[in-house]
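Structural features, examined
Listed below are the residues making up each chain.
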Amino acid sequence: MNSWIESANNPLCHFPVQNIPFGIAAINDGNPRCVSAIGDFVVDLSLLEAKGLLPGSGKNSVLRNPALNSFMELGT
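All values reported here derive from a predicted model rather than from experimental measurement. (Residues numbered from 1 in each chain as written. Predicted model: local features only at pLDDT ≥ 70, side-chain atom pairs only at ≥ 80, totals over all residues. Heavy atoms only, no water.)

1. Things to note about the overall build of the chain
- Along its length, the chain carries two helices and three strands.
- Secondary structure elements of the chain, listed N to C terminal, follow the sequence β-β-β-α-α.
- Evaluated residue by residue, the chain yields a buried proportion of 30% over its 76 residues.
- Within the chain, residue pairs in contact and separated by at least 24 positions form 30% of the contacts whose partners lie at least 6 positions apart. (Helix = DSSP H or I, 4+ residues; strand = E, 2+ residues; numbered from the N terminus. Buried < 20%, exposed > 50% of the residue type's maximum accessible area, 1.4 Å probe, protein only. Contact = heavy atoms within 4.5 Å.)

2. Comments concerning the nonpolar core
- C34, L45, V62, L63 and F71 together form the largest nonpolar core, which totals five residues.
- Not counting residues within four places of it along the chain, the set of residues in contact with L45 comprises F22, C34, V35, S36, L54 and L63. (Core = buried A, V, L, I, M, F, W, Y, C linked by side-chain atoms within 4.5 Å.)

3. A short note on the environment of I5
- Mapping I5 onto the fold places it in the segment before β1 (22-26).
- The spatial distance from the C-alpha of I5 to the C-alpha of G39 is 6.6 Å, given a sequence separation of 34 residues.
- Among all residues touching I5, those that are not within four sequence positions of it are I38 and F41.

4. Focus: the side chain of S36
- On the secondary structure map, S36 appears in strand β2 (residues 32-38).
- In this structure S36 comes out as buried when scored by relative accessible area, which is 5%.
- A polar atom in the side chain of S36 sits 2.8 Å from the backbone oxygen of P21.
- Apart from the residues lying within four places of it in its own chain, the contact partners of S36 are I20, P21, F22, F41, V42, V43 and L45. (Polar contact = N/O pair within 3.5 Å; in protein donor to acceptor, adjacent residues only side chain to side chain.)

5. Describing the confidence of the model for the chain
- With 89% of its residues at a pLDDT of 70 or more, the chain shows a mean pLDDT of 80.
- Averaged pLDDT values over the elements of the chain bottom out at 84 in helix α1 (residues 45-50) and peak at 89 in β1. (pLDDT = per-residue confidence, 0-100.)

6. Describing the sheet that holds β1
- An order of β1-β2-β3 is seen for the three strands of this open sheet, with the pairing classed as antiparallel. Every interior strand has two partners, whereas the edge strands, β1 and β3 (41-44), have only one. The mean inter-strand angle of the sheet, taken between neighbouring strand axes irrespective of direction, is 50°.
- Here β1 pairs with β2 via five bridges, running antiparallel. In the sheet register, F22 faces β2, and the bridge partner there is S36. (Pairing = 2+ DSSP bridges. Axes fitted to C-alpha atoms, helices over the stretch in contact; angles between N-to-C directions.)

Right under this line is the structure:
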(Lines give C-alpha, C1' and ligand atoms only; values in the text may rest on other atoms or scores of the structure.)
Protein backbone atom coordinates (compact mmCIF):
# COMPACT_ATOMS: atom_id res chain seq x y z
CA MET A 1 0.00 0.00 0.00
CA ASN A 2 1.35 3.43 -0.92
CA SER A 3 0.91 6.70 0.91
CA TRP A 4 0.30 10.21 -0.39
CA ILE A 5 3.30 11.18 1.77
CA GLU A 6 6.30 10.37 -0.39
CA SER A 7 8.74 9.72 2.48
CA ALA A 8 6.39 7.02 3.84
CA ASN A 9 6.85 5.04 0.60
CA ASN A 10 10.61 4.68 1.13
CA PRO A 11 11.38 1.01 1.99
CA LEU A 12 13.76 2.18 4.74
CA CYS A 13 11.14 4.42 6.39
CA HIS A 14 10.34 3.56 10.03
CA PHE A 15 6.79 4.93 9.76
CA PRO A 16 5.18 3.68 6.53
CA VAL A 17 1.39 3.61 6.19
CA GLN A 18 1.43 0.04 7.60
CA ASN A 19 3.17 1.19 10.84
CA ILE A 20 1.67 4.43 12.09
CA PRO A 21 2.51 4.93 15.79
CA PHE A 22 0.81 7.19 18.32
CA GLY A 23 2.68 9.61 20.54
CA ILE A 24 2.59 12.99 22.26
CA ALA A 25 4.11 16.15 20.79
CA ALA A 26 3.93 19.89 21.34
CA ILE A 27 3.10 21.45 17.98
CA ASN A 28 2.99 25.18 17.17
CA ASP A 29 1.33 26.45 20.36
CA GLY A 30 3.55 24.31 22.62
CA ASN A 31 0.65 22.36 24.16
CA PRO A 32 1.32 18.60 24.11
CA ARG A 33 -1.37 16.45 22.50
CA CYS A 34 -1.88 13.16 20.63
CA VAL A 35 -0.09 12.82 17.32
CA SER A 36 0.81 10.13 14.85
CA ALA A 37 3.89 9.79 12.66
CA ILE A 38 3.81 8.95 8.98
CA GLY A 39 6.94 9.16 6.89
CA ASP A 40 8.92 12.24 7.96
CA PHE A 41 5.85 14.04 9.33
CA VAL A 42 3.87 14.27 12.56
CA VAL A 43 0.09 14.52 12.23
CA ASP A 44 -1.78 16.42 14.95
CA LEU A 45 -4.75 14.13 15.65
CA SER A 46 -6.55 16.75 17.76
CA LEU A 47 -6.53 19.14 14.79
CA LEU A 48 -7.96 16.47 12.48
CA GLU A 49 -10.67 15.75 15.05
CA ALA A 50 -11.45 19.49 15.49
CA LYS A 51 -11.92 19.78 11.70
CA GLY A 52 -14.42 16.89 11.80
CA LEU A 53 -12.13 14.38 10.07
CA LEU A 54 -12.01 12.04 13.11
CA PRO A 55 -14.81 11.12 15.49
CA GLY A 56 -14.42 12.53 19.00
CA SER A 57 -15.96 14.46 21.82
CA GLY A 58 -15.19 18.01 20.67
CA LYS A 59 -13.73 20.39 23.21
CA ASN A 60 -13.12 17.60 25.76
CA SER A 61 -11.56 15.21 23.26
CA VAL A 62 -9.00 12.73 24.60
CA LEU A 63 -6.87 13.69 21.59
CA ARG A 64 -6.16 17.06 23.25
CA ASN A 65 -4.75 15.42 26.38
CA PRO A 66 -1.01 15.68 27.16
CA ALA A 67 -0.82 11.87 27.59
CA LEU A 68 -2.03 8.81 25.68
CA ASN A 69 -3.72 7.14 28.66
CA SER A 70 -7.33 8.29 27.97
CA PHE A 71 -6.95 7.67 24.25
CA MET A 72 -5.67 4.12 24.80
CA GLU A 73 -8.47 3.39 27.30
CA LEU A 74 -10.99 3.87 24.47
CA GLY A 75 -9.93 0.51 23.01
CA THR A 76 -10.89 -0.38 19.47
